[in-house]
Amino acid sequence: MAGSGGEVARFSVWDYVVFAGIVLLAAGIGLFQAIRGRKETSSAEFLLGGRQMTAVPVAMSLTASFMSGITVIGTPAEAYKFGTPFWLFAFSYAIMSTISAEIFVPLFYRLGITSTYEYLEMRFNKLIRVIGTTMYIVQTALYTGMVIYAPALALNQITGLDLWGVLVATGAVCIIYCTLGGLKAVIWTDVFQMVIMLSGFVAVITRGAILQGGLGKIWNDSYNGERLNTFDFDTDPLRRHTFWTIVVGGSLMWVSMYAINQSQVQRYISCRTMTHAKMSLYVNMVGLWVTVSLAMLSGLTMYSIYKNCDPFINNDVGSSDQLLPYLVMDILAEFPGVPGLFVAAAYSGTLSTVSSSINALVAVTVEDFVKPLWPTMTEKQASWLNMGMSVFFGAVCIAMAAVASLMGSVLQAALSIFGMISGPLLGLFLMGMFFRCANSTGGLSGLIIGLILTLWVGIGAQVYPPLPTKTRPLPLSVAGCVSDINITTTAAAWTSPALVTSQPRQEFCLLNRPALADSWYSVSYLYFCPIGTLTTMITGLIISAITGGCKQEKIRPELLISKRDLICFGCSRNDDENPKSELTEKVGGDHLYGLDNPYFIDKEYKLKEKEIDKISKF
């Protein structure tokens, strides 16, 4: 019986059929895109979808690419353990979408770049570009390995699916449609996977509401269990989730994930027009709202069912990331195929993240490392290289999953890694975009100092996790369990500070905790990004001023953010107020600040020339 503890059912034949069918269908989309676009073999087509994508599919892909299996499994567990403060990320998503659309899109869009880090060479120098690209590759490979491993571990322990078989299969499917279909395959597969993810949440909420007697009962149980105390205005930076840590720290963290992360930038610069590019980010914001809301409701549903018999304290599961799979097998096993749909939902999140990572890693590696060393490379050679690099990075991500399996609390690092690495990178980009006086010496020095600081606090937090007095897990009970195990029913059992943990840490090395463990190392993981961003900007600007940054030669105006960028929705094609730079003359002044993607315009002209040639021959 649901909510009373004990063994749950395993996967049925129909569950395997549904799961395999959805994964194969995702691969089929990649194959379809490969066949459909077999004549378009250029590097731009492979990496950027020919810059012809429209807002809605790109928006769904933007949402799906970071709504990984960690999100599918971890966010409901967050609501179950800590309540609904995580819902405040809705504010962060709105702030992130606005900043990305109104500040970063105009810059990257008019430069027509393929790799985000091309900007660093334009603004600073080649060395900083190489360092930025290397940081991104390391960050993405580590994160992707964790994304593959974490849900595979949970679903292996709950459903009985072979762990390493699923890991290799996940990577293989992603490699297939990334290699053959490029960015178009990734985006359209993400659209499909987004629908599957949301369907999995809806199935859990619907069945839970039926069992509990309606959503009102779930809401009432959550209120009585203190799960609805969303707004906490405590300014203590050591508190894991408060209004301020989420809205301030969380917003900057998400900006670093969307505004400068190659996986995301590559999508919105693939849009045909700037309007589509901006709109994709705003539609993505709505998608993130829907996703986090369904995930939180799933967690509250889980609490309503298990409020009197916590599976973790009752030893039915070994860690929090197994809670939602356990719930699915508990309440949906009697419906053949539905658990398979949920597992497919979790893996759809994983597949979308992995495929996004592979395609983005290929893009930055080819643009930042290969092309400068091989300037005479033809389009055919580039296409074969892109496909070969997709296979290589797919294998690297699978290997990183194997490394993750040897680590302890891997997913705290997964949550913190963007703040630790992307924070200093975001500071470098902002410094270059807004301050003319910033030079390469200041930029490099600020980046290194910011990175050292964030790695110090991030690694320290891994070694000495914050105590429950700062993470504040809510109380749970086993009073209603059928099991006769006598366990103290307090929240002390939930000691891990991570949103999702592969192995809950039962010891905090209380006897050997240094003085910094309860201060510096206990800073909320959401503040890692602001620490890195501000440190990089402040130290970078100071060093730039000392080393003559204010006296450097004139910076190309298209590399800086102007007032016009901030109000670009009001731009007119015929407005000639801005001086024409070298880039403006290259692609046409109307298109620099207009609505058309200059690369798309160039492609249209080429297509028209081909049509004229055909007519002439006829």
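What counts and how
Residues numbered from 1 in each chain as written. Predicted model: local features only at pLDDT ≥ 70, side-chain atom pairs only at ≥ 80, totals over all residues. Heavy atoms only, no water. pLDDT = per-residue confidence, 0-100. Helix = DSSP H or I, 4+ residues; strand = E, 2+ residues; numbered from the N terminus. Contact = heavy atoms within 4.5 Å. Disulfide = S-S within 2.5 Å. Axes fitted to C-alpha atoms, helices over the stretch in contact; angles between N-to-C directions. Parallel < 35°, antiparallel > 145°, perpendicular 65-115°, else oblique. Nonpolar A, V, L, I, M, F, W, Y, C, P; charged D, E, K, R; others polar. Phe/Tyr/Trp six-rings, centres within 6.5 Å; stacked < 30°, edge-to-face > 60°.

1. Regarding the confidence of the model for the chain
Line of reasoning, step 1. On average, residues of the chain carry a pLDDT of 77, and 75% of them reach 70 or more.
Line of reasoning, step 2. Mean pLDDT across the elements of the chain ranges from a minimum in helix α22 (residues 589-593), with 40, to a maximum in helix α19 (residues 528-546), with 95.
Line of reasoning, step 3. Counted against residues more than four places away or in other chains, residues 614-618, with its pLDDT under 50, gives 0 contacts.

2. What about the state of the cysteines?
Line of reasoning, step 1. All chains considered together, the criterion is met by 1 disulfide.
Line of reasoning, step 2. With a sulfur-sulfur separation of 1.9 Å, C309 is cross-linked through a disulfide to C481. Residues C309 and C481 are joined through a disulfide that is right-handed, its torsion about the S-S bond being 110 degrees. On the criterion of sequence distance, the pair formed by C309 in the loop between α12 (274-306) and α13 (323-331) and C481 in the loop between α18 (468-471) and α19 is long-range, its members being 172 residues apart.

3. Describing the packing of helix α4 (residues 69-82) against α13
Line of reasoning, step 1. With their axes 8 Å apart at the nearest point, α4 and α13 run at an angle of 90 degrees to one another. As the angle between them shows, α4 and α13 are arranged roughly perpendicular. Here V72, I73, P76, A77 and Y80 of α4 lie close against α13, whose contacting residues are L323, L324 and P325.
Line of reasoning, step 2. Per-class residue counts for the contact of α4 with α13 are 8 nonpolar, no polar and no charged.

4. Considering the packing of aromatic side chains
Line of reasoning, step 1. By the definition in use, this model includes 22 aromatic pairs.
Line of reasoning, step 2. Ring centres of F91 and F243 lie 6.1 Å apart, and the angle between their planes is 65 degrees; this geometry places the pair in the edge-to-face category. Note that F91 is positioned in helix α5 (residues 89-111) and F243 in helix α10 (residues 243-258), a separation of 152 residues in sequence.
Line of reasoning, step 3. Between W254 and Y258, the aromatic rings sit 5.8 Å apart at their centres with planes inclined by 35 degrees, giving tilted as the arrangement.

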